[in-house]
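# A look at the structure
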Amino acid sequence: MKKLLTIGTALAGLAFTAVGALAADIKPAVLYDLGGRFDKSFNEGAYNGAEKFQEDTGVEYRDFEIQNDSQREQALRNFAKRGMNPIVAIGFSQANAVEKVAKEFPDTQFAIVDMVVDLPNVRSILFKEQEGSYIVGMLAAMASETGKVGFVGGMDIPLIRKFSCGYKQGVMAANPNAEVFENMTGTTGAAWNDPVKGGELAKSQFDRGADVVYHAAGGTGIGVLQAAADAGKLGIGVDSNQNGLHPGSVLTSMLKRVDIAVYQAFEDAANDSWSSGFEVLGLKEGGVDWALDDNNAELVNDEMKAKVEEATQKIISGEIEVHDYMSDQSCPM
């Protein structure tokens, strides 16, 4: 199967050469997960990729924000009936709906982020979140003055444990004596959109001595970052670059390039180069990374940069293997 992302080109700006280069008329669509289009995190990454494609090509897209789980299947079917193609579903929770609707519309191209749906007209896009989380874990440990750091997850599922486990491995690699506090927000989809609870969980970790807290909690994480800013501590963002939400209080953000995945799905459909199957994107492929910009430049010194760059290269080469929680439902830390 062809590689889903031509990372060298995509990371250069997701640039599309010209509208005239499109080989096929497409009507792309995006279905967001709970938390909505402007969650400043996971869904917003997808939105940014779709917006960039529209800006570069002039091809308009449709999108929809579900309000509850029952709307997933209905929204996908409505898109397909209206001739939308390709249709990109954001989030593992869309899997059952994608599988059912994709079977009903075998000539429509579907993509799903964070889950595998094994059908000939479905592209499944996965990420090595543990690798990006390892890197920000190292940064957390090096920035911490107390030797205590925290993690706030959204819905308590294996995928979020994957973030947490990678983070712990990075923390311990930088400081074997560090202590990591961990809380999950809940066990339902509401856990992605509860910034008040996120703030409370972060505050409880700060009260126990943590001075850096990483979140993987969607919209709930906005409360985590706010609590860090209010307490004069450091937060770490996720998925999208959240450094600018509280400049000087967000140590970095673990980037999960959902924007590139959406852009590439649209572009491949437009170019008649669509492929199904699945791809797993990590540091080597440019699928995950960490954010450094004017908002956090003063928080990350040259020594920290050098150490995470060294670790990044070792992960890419295979010298460092970051354990994937989802491979065996366990974490060595």
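Residues numbered from 1 in each chain as written. Predicted model: local features only at pLDDT ≥ 70, side-chain atom pairs only at ≥ 80, totals over all residues. Heavy atoms only, no water.

### Some points on the overall build of the chain
On a plain count of helices and strands, the chain comes out with 11 helices and 12 strands. At 19 Å, the chain has a C-alpha radius of gyration in line with the 20 Å of a compact globule built from 333 residues. C-alpha atoms of the chain, sized along the principal axes, occupy 55 × 40 × 35 Å. The proportion of buried residues among the 333 residues of the chain is 57%. Long-range pairs, those at least 24 residues apart, make up 69% of the contacts in the chain with a sequence separation of at least 6. Placing the 29 positive and 47 negative side-chain charges of the chain at their respective mean positions leaves the two points 4 Å apart. (Helix = DSSP H or I, 4+ residues; strand = E, 2+ residues; numbered from the N terminus. Rg over C-alpha atoms; globule rule 2.2 N^0.38 Å. Buried < 20%, exposed > 50% of the residue type's maximum accessible area, 1.4 Å probe, protein only. Contact = heavy atoms within 4.5 Å. Lys, Arg positive; Asp, Glu negative; His and termini not counted. Charge placed at Lys NZ, Arg CZ, Asp CG, Glu CD.)

### As for the packing of helix α5 (residues 129–143) against helix α6 (residues 158–174)
Between α5 and α6, whose axes approach to 6 Å, the crossing angle comes to 40°. Between α5 and α6, the interaxial angle falls into the category oblique. Considering how the two elements wind past one another, α5 and α6 form a crossing that is right-handed. Facing Glu129, Gln130, Ser133, Tyr134, Val136, Gly137, Met138, Ala140, Ala141 and Met142 of α5, the residues of α6 in contact are Leu159, Lys162, Phe163, Gly166, Tyr167, Gln169, Gly170, Val171, Ala173 and Ala174. A class-by-class count of the residues in the contact of α5 with α6 yields 12 nonpolar, six polar and two charged. (Axes fitted to C-alpha atoms, helices over the stretch in contact; angles between N-to-C directions. Parallel < 35°, antiparallel > 145°, perpendicular 65-115°, else oblique. Left-handed = near helix turned anticlockwise from the far one by under 90°. Nonpolar A, V, L, I, M, F, W, Y, C, P; charged D, E, K, R; others polar.)

### Some words on unusual backbone geometry
What is expected of a backbone is that most residues other than glycine have negative phi and most peptide bonds are trans. The step from Asn85 to Pro86 runs through a cis peptide bond, and the omega angle for that step is 5°. Within the element layout of this structure, Pro86 appears in the loop between α3 (71–81) and β3 (87–90). The residue Asp114 is not glycine, and still its phi comes out positive at about 85°. Turning to its location among the elements, Asp114 is positioned in the loop between β4 (110–113) and β5 (122–127). For Asp114, a relative accessible area of 10% puts it in the buried group. With a phi angle near 55°, Asp272 is a residue other than glycine that sits in the positive phi range.

### Considerations on the layout of surface pockets
Approximately 240 Å³ is the volume attributed to the largest pocket. Taken together, 16 residues make up the lining of the largest pocket; nearest its centre are Asp114, Leu126, Leu159, Lys162 and Met326. Elements represented by at least two residues in the lining of the largest pocket include exactly β5, α5 and α6. With three residues, α6 is the largest single contributor of residues to the lining of the largest pocket. Residues of the lining of the largest pocket, tallied by class, amount to 10 nonpolar, one polar and five charged. The space that makes up the second largest pocket amounts to roughly 190 Å³. In this structure, the second largest pocket is lined by 14 residues; those nearest its centre are Gly45, Asn48, Asp239, Ser240 and Asn241. (1 Å grid on protein atoms, 1.4 Å probe; cavity = no way out; pocket = protein on both sides within 12 Å on 5 of 7 lines; lining within 4 Å. Points joined across faces, edges and corners; volume = space filled by probe spheres on them.)

### As for α3
Within the sequence span of α3, burial applies to Gln71, Arg72, Ala75, Leu76, Arg77, Phe79 and Ala80. Looking at the buried side of α3, the elements it contacts are β1 (29–32), β2 (62–65), β3, α4 (95–104) and β4. Gly83, located one to two residues past α3, shows a positive phi value of around 80°.

### Here's the deal with the state of the cysteines
Under the counting rule described, the total for this entry stands at one disulfide. Note that Cys165 is cross-linked by a disulfide to Cys331, the S-S spacing being 2.2 Å. Here the S-S torsion is close to 90°, and the disulfide linking Cys165 with Cys331 is therefore right-handed. Of the two residues, Cys165 is situated in helix α6 and Cys331 in the segment after α11 (325–328); the sequence distance between them amounts to 166 residues. (Disulfide = S-S within 2.5 Å.)

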